[in-house]
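# Commentary on secondary and tertiary structure
What follows is the residue order along each chain.
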There are 2 protein chains.
Amino acid sequence: MITIKEVAKECNVSIATVSNILNNKPNVGEETKQKVLRVIEEMNYTPNTVAKNLKTKNTRTIGALIEDITVFCAPEIIDGITNYCEQKKYNVLLINLRLYKKYGDDYFEREDFFNIVRQEIRELISKQVEGIIYVPAHERNLKCLPDDLAIPAVMAYGYTRSKKFPSVVVNDIQGAYTVTNYIIQQGHKRIAVITGKDHSFHTKDRLLGYQKALYDNKIFYNPEFVIAGDWSKESGYNAAAKAIEKNVTAIFCMNDQMAGGVYKWLMETGKIVGKDISIAGYDDRDVSLYMNPLLTTLRLPLHQIGKKACELLINQIEGDVKKDLYNRKNGEIIIEEEGELKIRDSVMPL
Amino acid sequence: MITIKEVAKECNVSIATVSNILNNKPNVGEETKQKVLRVIEEMNYTPNTVAKNLKTKNTRTIGALIEDITVFCAPEIIDGITNYCEQKKYNVLLINLRLYKKYGDDYFEREDFFNIVRQEIRELISKQVEGIIYVPAHERNLKCLPDDLAIPAVMAYGYTRSKKFPSVVVNDIQGAYTVTNYIIQQGHKRIAVITGKDHSFHTKDRLLGYQKALYDNKIFYNPEFVIAGDWSKESGYNAAAKAIEKNVTAIFCMNDQMAGGVYKWLMETGKIVGKDISIAGYDDRDVSLYMNPLLTTLRLPLHQIGKKACELLINQIEGDVKKDLYNRKNGEIIIEEEGELKIRDSVMPL
DNA sequence: TTCTTTTAATTAAACGTTTAACTTATGCTG
DNA sequence: CAGCATAAGTTAAACGTTTAATTAAAAGAA
């Protein structure tokens with residue numbers, strides 16, 4: 001590998017001059033500049049960023065801690081992060097924790113989870129990253145960002161449970177409201193909802209949005225229409241029968257997977273989605289474009305979440321925190337991004 | 001940020017001693033060792049990896065150039081890469097080129113694509129990565145890895161078109177063979193195949209596998225059963241009608257998306273998949289688990305591809321290249337990974 | 001005892017940059 | 001023409017480590 005020293009010698013100038021040219025500093029003559037540039041080209045010299053970083057004490061690098069990159073929401077969030085970083089000329093050091101892979105679904109019981117994260121954070125800091133974005137795969141109560149962290153950090157698509165670090169999340173109340181309201185606009189009044197896991201804040205917020213939409217449209221909320229699911233396709237399949245028993249004309253599923261289960265049940269019992277009964281999903285995963293009929297659902301603003309989280313982080317790194325972006329819930333700084341209703345063919349006018 | 005110097009001063013030893021302790025070097029007394037370790041803990045000292053890297057001239061970092069991380073195969077390939085890197089204690093610097101996002105589907109027409117890649121590679125080298133893995137999103141003929149590259153590189157899930165860099169790809173002939181052979185084992189003889197785009201090497205290889213399976217089972221190859229698709233769901237939908245006209249009892253779709261289109265057509269015409277006609281897909285995307293009935297398909301060995309590519313790369317970096325891993329096609333070093341048949345409910349005995 | 005080896009440590013150079021401080025030559029002003 | 005700016009460089013220190021070379025003291029061998 002050829003260094004600035006060798007370029008300097010070749011040009012009969014000092015290394016400072018070469019450095020100045022590389023960094024567009026003033027006080028260098030046009031003639032020498034051209035010569036040096038030519039020699040750089042000829043020798044195929046590439047500056048050593050690690051030396052530069054050591055000297056300048058900044059790396060323009062952020063660390064992205066991803067719990068599991070194969071989880072459906074991760075790639076789009078990362079895409080948002082890299083999008084913003086590209087604009088701001090930051091680098092991203094990606095850590096794929098592979099938590100699902102290592103421990104399976106129940107890993108969050110593990111005690112050492114917290115230690116793994118702490119260790120990874122140590123290593124990122126040792127690599128002089130200037131900030132950290134954490135992207136969870138599961139919702140959970142563990143505070144994965146330690147409060148004594150020396151650099152800025154933000155959470156994308158989850159709560160930090162900390163007054164120190166902001167989080168950027170989906171506005172689930174608004175999302176569920178949008179979906180339910182759309183169903184109502186199509187003339188439906190008897191609308192079942194298949195929920196996610198009981199204790200989940202996603203479930204709570206989406207239920208709230210469902211209720212608010214009913215309320216705003218002067219439709220009585222009937223608790224019997226709320227059917228428990230657990231996010232899985234199977235739970236959707238099982239819930240479908242219960243919903244139909246209640247004589248509803250539409251079902252709002254709190255995710256697309258459960259909607260898939262509902263489709264299956266309806267198909268097996270000879271009912272036609274969109275005609276006999278309307279179905280709406282939530283998330284807008286790939287699947288929704290392969291269901292027949294196409295699933296009407298709410299697109300999660302994943303790209304925006306990643307981008308906004310990154311924006312927040314870089315603002316913090318660069319010290320210009322825009323307070324007006326902030327709102328707080330129980331002391332925690334929370335930014336909410338809104339999903340977008342994808343109107344397709346599974347919800348039809350009554 | 002606290003440095004080794006401050007730790008040394010606090011302990012009344014030289015920085016060399018602290019360094020030796022940190023790196024488990026010999027010639028340091030047990031007593032001082034304990035003291036230094038305690039002080040490190042107390043002061044919460046974290047070594048500066050960039051300084052270390054500058055001095056030792058290695059970074060244990062590889063660059064991963066991803067054309068588009070939101071493409072369905074990317075996350076699993078990356079998961080394989082990070083899996084291997086974790087084992088070998090390497091880091092990965094992820095570059096998401098976002099090529100789809102920037103230029104849309106036809107970006108590969110662009111002339112500047114090659115320059116973008118070259119520029120990114122320059123920057124990776126400047127960051128002292130020790131090797132590069134390239135993960136394409138589209139197949140194409142551009143040679144994205146320049147032959148004058150100063151560090152090792154490998155391609156994961158695509159061909160390098162270079163005698164210098166190895167590529168790790170899916171063994172499509174074997175894959176299509178496995179699927180077709182399975183269909184035949186279920187008693188089918190009249191088997192249509194819906195192809196991908198015409199010029200694609202995936203299409204060619206999968207067709208070869210299909211033909212070989214027929215041949216091995218002493219079934220005549222009927223060119224009329226080959227129906228042109230273009231990978232899209234719509235093309236599958238359109239191809240379905242043509243396949244049914246030929247009175248086939250099974251259809252092998254060269255990807256899951258087209259299988260989705262076939263499902264749609266069959267559903268609309270009142271035919272039941274798995275009963276009236278058998279369908280098999282290829283890829284095993286998420287969708288295949290949401291189709292009714294569940295799609296029988298070939299799982300792409302994406303994780304293995306990423307992992308193997310990474311293994312190859314790190315072997316090269318560390319200088320112990322295992323020649324026995326290698327086989328060549330037109331001079332290009334190609335490693336093939338085998339997919340796995342996922343037997344589900346869309347192919348049934350005749 | 002004296003000489004040699006071993007152990008535990010220190011010193012200082014080096015890695016490839018940036019940058020503040022300095023030097024020298026040139027041009028401009030009054 | 002002296003005095004002063006300015007332009008175009010150079011010098012050398014510094015960033016936080018590692019490591020080869022060196023030293024000093026203690027232990028062992030003759």
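So, how was this worked out
- Residues numbered from 1 in each chain as written.
- Chains lettered and ligands numbered in written order.
- Predicted model: local features only at pLDDT ≥ 70, side-chain atom pairs only at ≥ 80, totals over all residues.
- Helix = DSSP H or I, 4+ residues; strand = E, 2+ residues; numbered from the N terminus.
- Expected span 1.5 Å × (residues − 1).
- Pairing = 2+ DSSP bridges.
- Contact = placed C-beta atoms within 7 Å.
- Axes fitted to C-alpha atoms, helices over the stretch in contact; angles between N-to-C directions.
- Near = placed C-beta within 6 Å.
- Nonpolar A, V, L, I, M, F, W, Y, C, P; charged D, E, K, R; others polar.
- Least-squares fit on C-alpha atoms with pLDDT ≥ 70 in both.
- Parallel < 35°, antiparallel > 145°, perpendicular 65-115°, else oblique.
- Domains from an automatic or database assignment.
- Buried ≥ 20, exposed ≤ 12 C-beta atoms within 10 Å, placed from the backbone.
- Left-handed = near helix turned anticlockwise from the far one by under 90°.
- Core = buried A, V, L, I, M, F, W, Y, C linked by C-beta atoms within 7 Å.

### Comments concerning helix 3 (residues 30-43) of chain B
Because the α-helix completes a turn every 3.6 residues, residues three or four places apart line up on one side. Taking 1.5 Å as the rise per residue, helix 3 of chain B with 14 residues should run 20 Å; its terminal C-alpha atoms sit 20 Å apart, in good agreement. One or two steps after helix 3 of chain B, the chain reaches Asn44(B), where phi turns positive at roughly 55°.

### What to know about the sheet that holds strand 7 (residues 226-227) of chain B
All names here are of chain B. What the four strands build is an open sheet, ordered 7-6-8-9; its pairing is parallel. Two strands close off the open sheet at either side, each with one partner strand: strand 7 and strand 9 (278-280). As paired elements, strand 8 (residues 250-253) and strand 9 share three bridges and run parallel to each other. Its bridge partner being in strand 9, Ala 250 is matched across the sheet by Ser 278. Set on the sheet, helix 8 (residues 172-185) makes contact with strand 6 (191-194), strand 8 and strand 9; between it and strand 8 the angle comes to about 170°. Of the strands in this sheet, strand 6, strand 7 and strand 8 are in contact with helix 10 (residues 233-245), which crosses strand 6 at around 155°.

### A few points about the protein's contact with DNA strand C
The immediate surroundings of DNA strand C are formed by 27 residues, with Ile4(A), Ser19(A), Asn48(A), Ala16(B) and Gly29(B) found nearest. For the surface near DNA strand C, the secondary structure elements donating two or more residues are helix 1 (4-11), helix 2 (15-22) and helix 4 (49-56) of chain A together with helix 2 (15-22) and helix 4 (49-56) of chain B. Per-class residue counts for the surface near DNA strand C are 12 nonpolar, 11 polar and four charged.

### Re the relation of the copies chain B and chain A
Overlay of chain B on chain A (RMSD 0.1 Å): rotation 180°, translation along the axis 0.0 Å. When the rotation and shift are considered jointly, the pair of chain copies conforms to a two-fold rotation axis.

### Observations concerning the interface of chain B and chain A
Facing the 39 residues of chain B at the interface are 39 residues of chain A. Within the residue set of the side of chain B that touches chain A, elements represented by two or more residues are helix 4, helix 5 (74-88), strand 2 (91-96), helix 7 (112-126) and helix 11 (256-268) of chain B. Of all the elements, helix 5 of chain B adds the most residues to the side of chain B that touches chain A, at seven residues.

### A few points about the packing of helix 2 of chain B against helix 3 of chain B
Residues and elements named next belong to chain B. Packing of helix 2 against helix 3 brings their axes to within 10 Å, and their N-to-C directions diverge by 85°. Classified by the interaxial angle, the pair formed by helix 2 and helix 3 is roughly perpendicular. Facing helix 2, whose interface residues are Thr 17, Val 18 and Ile 21, helix 3 presents Thr 32, Lys 33, Val 36 and Leu 37. Broken down by class, the residue content of the contact of helix 2 with helix 3 amounts to four nonpolar, two polar and one charged.

### As for the domain arrangement of chain A
As a measure of interface size, the accessible area lost when the parts come together is often cited. All names here are of chain A. Each domain of chain A was delimited in the assignment, giving domain 1 (4-47), domain 2 (61-171 + 302-339) and domain 3 (172-300). On a C-alpha basis, the centres of domain 2 and domain 3 stand 30 Å from each other. Residue-level contacts link eight residues of domain 2 with 11 residues of domain 3. Residue composition of the side of domain 2 that touches domain 3, grouped by class: four nonpolar, two polar and two charged.

### A closer look at the pairing of strand 4 (residues 153-156) of chain A
Residue and element names in this part refer to chain A. Of the two faces of strand 4, the one holding Ala 153 and Met 155 and the one holding Val 154 and Ala 156 are both buried throughout. Note that strand 3 (residues 132-135) and strand 4 share three bridges and pair parallel. Paired with Tyr 134 across the bridge in strand 4 is Met 155. With two bridges connecting them, strand 4 and strand 5 (residues 167-170) associate as parallel partners. Bridge assignment links Met 155 to a residue of strand 5, and that residue is Ser 167.

### Looking at the protein's contact with DNA strand D
Surveying the vicinity of DNA strand D reveals 27 residues, the closest of which are Ser14(A), Ala16(A), Gly29(A), Ile4(B) and Ser19(B). Sorting the residues of the surface near DNA strand D by element identifies helix 2 and helix 4 of chain A together with helix 1 (4-11), helix 2 and helix 4 of chain B as the ones contributing at least two each. Residue composition of the surface near DNA strand D, by class: 12 nonpolar, 11 polar and four charged.

### Section: the sheet that holds strand 9 (residues 278-280) of chain A
All names here are of chain A. Strand order in the open sheet formed by four strands is 7-6-8-9, with parallel pairing between adjacent strands. At either margin of the open sheet sits one strand with a lone partner, and together these are strand 7 (226-227) and strand 9. Judged from the two bridges that link them, strand 6 (residues 191-194) and strand 7 form a sheet pairing that is parallel. Of the residues in strand 7, the one forming a bridge with Ile 194 is Ile 227. Across the face of the sheet, helix 11 (residues 256-268) comes into contact with strand 6, strand 8 (250-253) and strand 9 while running at roughly 145° to strand 8.

### Observations regarding the environment of Ser278(A)
Residues and elements named next belong to chain A. Looking at the element boundaries, Ser 278 is found in strand 9. As for Ser 278 and His 188, which are separated by 90 residues in sequence, their C-alpha atoms are 8.8 Å apart. Leaving out residues up to four positions away in the same chain, Ser 278 has contacts with Ile 183, Gln 186, His 188, Thr 249, Ala 250, Ser 346, Val 347 and Met 348.

### Looking at the packing of helix 5 of chain B against helix 12 (residues 302-317) of chain B
All names here are of chain B. Two elements in contact, helix 5 and helix 12, have axes separated by 6 Å at closest approach and are oriented at 45°. Overall, the two elements helix 5 and helix 12 adopt an arrangement that is oblique. Both helix 5 and helix 12 take part in a crossing whose hand is right-handed. Residues Glu 76, Ile 77, Ile 78, Asp 79, Gly 80, Ile 81, Asn 83, Tyr 84, Cys 85 and Lys 88 of helix 5 pack against Leu 302, His 303, Gln 304, Ile 305, Gly 306, Lys 307, Ala 309, Cys 310, Glu 311 and Ile 314 of helix 12. Here the contact of helix 5 with helix 12 is composed, by residue class, of 10 nonpolar, five polar and five charged.

### Quick look at the pairing of strand 1 (residues 61-66) of chain A
All names here are of chain A. Within strand 1, six of the six residues are buried, which leaves it mostly tucked inside the rest of the structure. Neither face of strand 1 is left uncovered, since the one carrying Thr 61, Gly 63 and Leu 65 and the one carrying Ile 62, Ala 64 and Ile 66 both have all their residues buried. Sheet topology note: the strand 1/strand 2 (residues 91-96) ladder contains six bridges and is parallel. What sits directly across from Gly 63, in strand 2, is Leu 93. Relative to strand 3, strand 1 runs parallel, the two being bridged by four bridges. What sits directly across from Ile 66, in strand 3, is Val 135.

### What about the nonpolar core?
Membership of the largest hydrophobic core comes to 97 residues, with the highest contact counts inside it found for Ala64(A), Ile133(A), Ala64(B) and Ile133(B). With sequence-adjacent residues up to four places away left out, Ala64(A) is seen in contact with Ile78(A), Ile81(A), Val92(A), Leu94(A), Ile95(A), Ile133(A) and Val135(A). Grouped together as the second largest cluster of nonpolar side chains are 77 residues, Ala176(A), Tyr282(A), Leu295(A) and Val347(A) included.

### Some details on unusual backbone geometry
The linkage connecting Asn292(A) with the following residue, Pro293(A), adopts the cis geometry, with an omega of -5°. Within the secondary structure layout, Pro293(A) lies in the loop between strand 9 and strand 10 (297-299). For Asn44(A), which is not glycine, the phi dihedral falls at a positive 55°. By secondary structure assignment, the location of Asn44(A) is in the loop between helix 3 (30-43) and helix 4. Of the residues examined, Asn44(A) has 10 C-beta atoms within 10 Å and is grouped as exposed. At Arg98(B), a position not held by glycine, the phi torsion is positive, near 55°. On the secondary structure map, Arg98(B) appears in the loop between strand 2 and helix 6 (99-103).

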